[in-house]
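Single-letter residue listing:
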Amino acid sequence: MTLIRKSRTLRLLEVTLALSALAGCAVGPNFKKPAPPDVGEYTAQPLSATVAAGDIAGGDAQRFAKGTDISADWWTLFHSTALSGLIDRSLKNNPDLKAAQAALSVARENVLAQRGAYYPAVAASFAASRQRQSGQIAPTLNSNTFIYNLFTPEVTVSYVPDVFGLNRRTVESLKAQEQGVRFQMVATYTTLTANVVVTAIQQASLQMQVVATRRLIDSSAKALEILKYQFSRGYASQLDVAAQESQLAQVAATLPPLVKQLAQLHDLLAVLSGRFPSQAPDEPFDLSSLELPQDLPVSLPSALVAQRPDVLQAEANLHDASAKIGIAIANRLPNFPLTANAGSSAAFMDQLFTEGTGFWGVGVNAMAPIFQGGQLLHQERAAKAAYTQAAEQYRSAVLAAFQNVADTLTALDQDAEALKTAKTAADAAQVTLDLARRQWQDGYAGYLALLSAEQADQQSRIALVQAQASRYADTAALFQALGGGWWNRSDLATDEHEK
């Protein structure tokens, strides 16, 4: 009997080793990273620098440094202490970023949990019972006692060899999902920093526009008073008064939307930094206090796909879809669970694990799906179709990334032209205002001519402020479009599973 048992045990070990040897391969395609697009430029016409707008905040020419790396804290290039402080608070307190970080922790733990299937599962149990056995239909204990206690401690070991790579493909899928969540968190980070910068710039621009609009309203109101006086004296027509009333109403109508938008931007900055709007202190940002970055790094097109978090997330989704093809194929193949158990059973606690009370068993089971109504076949076909879908979504993400960069580069070029034109118009309006003021003081022009010059000056200032803000905001948008420099932050660039 002993030799027979040893022979069976050896055969079981041989089967186990054979199954383990087969576990070296995994069914399904092995994922290959998509090659970067063979494109040398972002725009049809390469850009090297923008025009200068003169002696004004944000008026310097900007140079595009192709192939230069992006700083992790690119917003410091604006040299605004208040802006940097706001971003620091946002990175510490923004709930969306914290939620994305927590989601990444969930994905990492799911990967580690699935990796546990690589190892045997061990369970221990202990049963204690008191029972009476029938003397007619069942054997009793060796002591021929029909009422007795029974104590049974037992250890069970189970293991499913990964013969066709089902578990490896499952781990691969979960790790790809973790990478997708990771890059989604990175995208939340880059979006947050860019939104804070752009919102602060827009807030500063609107503050100046509100001031200029109120001055313009005051000037238009004074002109209306003069016209009404002249009309009462017969020096002006009712048509002139009505036209000025219409102009005043039109200018006054532009103020409430500006005030509303300014308040909304204030509330948005508060929420981005993790605070309630009523708790956020007023931190005025002045465009003149910001410095326009003159040297703008522009990543090589081949490097863009390795930097943009949305593209990397699409690549992770493609990897996940590839692994799921292997999972679907492996589900159609047999698996071979191995089980073993050992323990002791005795009527008294002090007799446990003594000679004659032990028991053990080993076994292997082969299981294979035979008929599932086409379910597994169609799941495999669905997995392959999902891979095709993910591949097209990846290509769409790459195209959108290149479009985003190209649009931003073109916007910066045109922003510089627009600012130059707005600066010329503002200078001309200022000269006109100075001449009108001198002529009015010398008695060569009426007060209405002076007010008209003041109105034109304020309108040109509003246009100038808008042009300045567009240039600052699009500069921030370029950093975001190129990926935001997250790879230069140690807490974002390092994968926990690669440490």
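Before going into details, it helps to say that this report is about the structure given with it. (Residues numbered from 1 in each chain as written. Predicted model: local features only at pLDDT ≥ 70, side-chain atom pairs only at ≥ 80, totals over all residues. Heavy atoms only, no water.)

1. Describing the overall build of the protein chain
- The number of helices and strands found in the protein chain is eleven helices and six strands.
- Relative to the 2.2 N^0.38 estimate, which gives 23 Å for 499 residues, the radius of gyration of the protein chain is 38 Å and therefore markedly larger than a compact globule would have.
- Each of the three principal axes of the protein chain carries a C-alpha extent, and together these read 135 × 55 × 45 Å.
- Burial statistics for the protein chain: of 499 residues in total, 38% are counted as buried. (Helix = DSSP H or I, 4+ residues; strand = E, 2+ residues; numbered from the N terminus. Rg over C-alpha atoms; globule rule 2.2 N^0.38 Å. Buried < 20%, exposed > 50% of the residue type's maximum accessible area, 1.4 Å probe, protein only.)

2. Points about the side chain of Gln62
- Its location among the elements puts Gln62 in the loop between α1 (2–22) and β1 (63–66).
- Of the polar contacts made by the side chain of Gln62, one reaches the side chain of Thr475; its length is 3.2 Å.
- If near-sequence neighbours (up to four positions away) are discounted, Gln62 is found in contact with Ser48, Ala49, Thr50, Leu292, Pro293, Gln294, Leu296, Leu412, Arg471 and Thr475. (Polar contact = N/O pair within 3.5 Å; in protein donor to acceptor, adjacent residues only side chain to side chain. Contact = heavy atoms within 4.5 Å.)

3. A closer look at the nonpolar core
- Within the largest apolar cluster, 56 residues are counted, with the highest numbers of intra-cluster contacts made by Tyr42, Trp74, Phe78, Val196, Val197 and Leu287.
- Other than its neighbours up to four places away in sequence, Val196 contacts Leu83, Leu86, Ile87, Ser90, Leu269 and Leu272.
- Core analysis: the next-biggest nonpolar cluster, separate from the first, contains 14 residues, Val210, Ala236, Leu248 and Leu255 among them. (Core = buried A, V, L, I, M, F, W, Y, C linked by side-chain atoms within 4.5 Å.)

4. Regarding the packing of helix α9 (residues 375–442) against helix α10 (residues 447–481)
- The geometry of α9 relative to α10 is characterised by a closest axis approach of 7 Å and an angle of 160 degrees between their N-to-C directions. Put simply, α9 runs roughly antiparallel to α10. Of the two elements, α9 crosses α10, and the hand of that crossing is left-handed.
- For the contact of α9 with α10, the per-class residue count stands at 25 nonpolar, eight polar and eight charged. (Axes fitted to C-alpha atoms, helices over the stretch in contact; angles between N-to-C directions. Parallel < 35°, antiparallel > 145°, perpendicular 65-115°, else oblique. Left-handed = near helix turned anticlockwise from the far one by under 90°. Nonpolar A, V, L, I, M, F, W, Y, C, P; charged D, E, K, R; others polar.)

5. So, the pattern of salt bridges
- As enumerated under the stated definition, the model contains 15 salt bridges in all.
- The shortest N-O distance in the salt bridge between Lys423 and Asp427 comes to 2.7 Å. With Lys423 and Asp427 both in helix α9 and four residues apart, the pair spans about one turn of that helix.
- Using a relative accessible area of 37% as the deciding quantity, one classes Asp427 as partly exposed.
- A salt bridge links Asp457 to Arg461, with the nearest nitrogen and oxygen atoms 3.1 Å apart. Of this pair, Asp457 and Arg461 both sit in helix α10, separated by four residues, roughly a single helical turn.
- Put simply, Arg332, Glu380 and Lys384 are held in one network by salt bridges that share partners. (Salt bridge = Lys/Arg side-chain N within 4 Å of Asp/Glu carboxyl O.)

6. Quick look at helix α4 (residues 166–233)
- Between its first and last C-alpha, α4 extends 96 Å over 68 residues, near the 100 Å set by a 1.5 Å rise per residue.
- A positive backbone phi angle near 90 degrees is found at Gly234, which sits one or two residues after α4. (Expected span 1.5 Å × (residues − 1).)

7. What to know about the packing of α4 against helix α5 (residues 238–253)
- Remark: α4 packs on α5, axes separated minimally by 9 Å, with the N-to-C direction vectors making an angle of 165 degrees. It follows that α4 is roughly antiparallel to α5 by the angle criterion. In terms of crossing hand, the pair formed by α4 and α5 is left-handed. In this structure, α4 contributes Thr213, Leu216, Ile217, Ser220, Ala221, Ala223, Leu224, Leu227, Lys228 and Phe231 to the contact, and α5 contributes Gln238, Asp240, Val241, Gln244, Glu245, Gln247, Leu248, Val251 and Ala252.
- Its residues assigned to classes, the contact of α4 with α5 comprises eleven nonpolar, five polar and three charged.

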